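Tertiary structure, described
Residue-level listing of the chains:
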Amino acid sequence: MPYDYEREVRTAHSEAYLILDGDTTVGRIDTHFMPGIAHIAIAVDQRVTPEQIEEIISDIDADMLNTVGTERDAHMYHVFQGTEIRVFSDTDYDSYGGNGNGNGRGHGPFPPPGGA
C-alpha cells in the first residue's frame, strides 16, 4: 500500500513529514542531518505492519534522503509504534488547524493541563 508524505517543516538540518494513508495520518517522520549521518525517527500508528514500516523506510531512502546527498550506510532509523494521544503547543493552535479551544495547549482525548 503506497503512502503519501506531506512535508510539515524543513530547516537547513532537518525535515518533518506526515505519513498519510488517504486522508488519515498514520505516522510522522523526523529527519535530522549531521555530517556523515542522518538520524531518522519514524513514529507510526499501531495498525501499521512491519512490512509497511519497511515500505516507509524504502520510500525515505529512495525519495527523501537521496535529495540531500547522504550515503546509504550513514542512515540511522529509530522506529516507534503506538498511538498519538495529544499534540501540545505554546502557540494559538487555532491558527494552525488546532482543535478550536483557543488555549494553545493542543488537542487530544485529555483535557488541557490544569483542567481548563
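Residues numbered from 1 in each chain as written. Predicted model: local features only at pLDDT ≥ 70, side-chain atom pairs only at ≥ 80, totals over all residues. Heavy atoms only, no water.

Details of the overall build of the chain
Helix and strand counts for the chain stand at one helix and five strands. Sequence-ordered secondary structure for the chain, helices as α and strands as β, is β-β-β-β-α-β. For the chain, buried positions account for 31% of its 116 residues. Considering only contacts within the chain whose residues lie at least 6 apart along the sequence, 35% involve residues at least 24 apart. Accessible surface, the chain: about 7400 Å² in total, of which carbon and sulfur atoms supply 52%. (Helix = DSSP H or I, 4+ residues; strand = E, 2+ residues; numbered from the N terminus. Buried < 20%, exposed > 50% of the residue type's maximum accessible area, 1.4 Å probe, protein only. Contact = heavy atoms within 4.5 Å. Areas by Shrake-Rupley, 256 points an atom, 1.4 Å probe, with all protein chains shown as cover.)

Details of the pattern of salt bridges
One pass over the full model with this rule turns up five salt bridges. The closest approach of N and O atoms between Glu 8 and Arg 28, which form a salt bridge, is 2.1 Å. One end of the pair, Glu 8, is in strand 1 (residues 4-10); the other, Arg 28, is in strand 3 (residues 24-34), with 20 residues separating them in the sequence. Across the pair Arg 47 and Asp 45 runs a salt bridge whose closest N-O atoms are separated by 2.7 Å. Take Arg 47: its relative accessible area is 60%, and that puts it in the exposed class. Taken together, the shared-partner salt bridges in this structure form one network comprising Arg 7, Arg 10 and Glu 15. (Salt bridge = Lys/Arg side-chain N within 4 Å of Asp/Glu carboxyl O.)

Some details on the environment of Gln 81
Topologically, Gln 81 is positioned in strand 5 (residues 75-82). The sequence separation of Gln 81 and Gln 46 amounts to 35 residues, and the corresponding C-alpha distance is 5.7 Å. Contact partners of Gln 81, with chain neighbours within four places excluded, come to Val 44, Asp 45, Gln 46, Val 48 and Ile 53. Separated by 2.5 Å, the side chain of Gln 81 and the backbone oxygen of Val 48 make a polar contact. (Polar contact = N/O pair within 3.5 Å; in protein donor to acceptor, adjacent residues only side chain to side chain.)

What about the sheet that holds strand 1?
Overall, mixed pairing links the five strands, which are arranged 1-2-3-4-5 in an open sheet. Whereas interior strands pair on both sides, the edge strands pair on one side only; in this sheet they are strand 1 and strand 5. Here the strands of the sheet are splayed against their neighbours by 20 degrees on average, with no regard to which way each runs. Bridge analysis of strand 2 (residues 14-21) against strand 3 gives eight bridges, and the strand direction is antiparallel. By the bridge assignment, Leu 20 is partnered in strand 3 with Thr 25. (Pairing = 2+ DSSP bridges. Axes fitted to C-alpha atoms, helices over the stretch in contact; angles between N-to-C directions.)

Quick word on the confidence of the model for the chain
Regions with low pLDDT carry predicted coordinates that are not meant to be interpreted in detail. On average, residues of the chain carry a pLDDT of 78, and 69% of them reach 70 or more. Across residues 95-108 the pLDDT falls below 50, and counting only partners more than four positions away or on other chains, this stretch makes 36 contacts in the model. (pLDDT = per-residue confidence, 0-100.)

Let's talk about the nonpolar core
Residues Ile 19, Ile 29, Ile 42, Val 44, Val 48, Ile 56 and Ile 60 are the most contacted members of the largest nonpolar core, which totals 16 residues. Those elements that provide at least two residues to this core are strand 2, strand 3, strand 4 (37-45) and helix 1 (50-65). The element contributing the most residues to this core is helix 1, with five residues. (Core = buried A, V, L, I, M, F, W, Y, C linked by side-chain atoms within 4.5 Å.)

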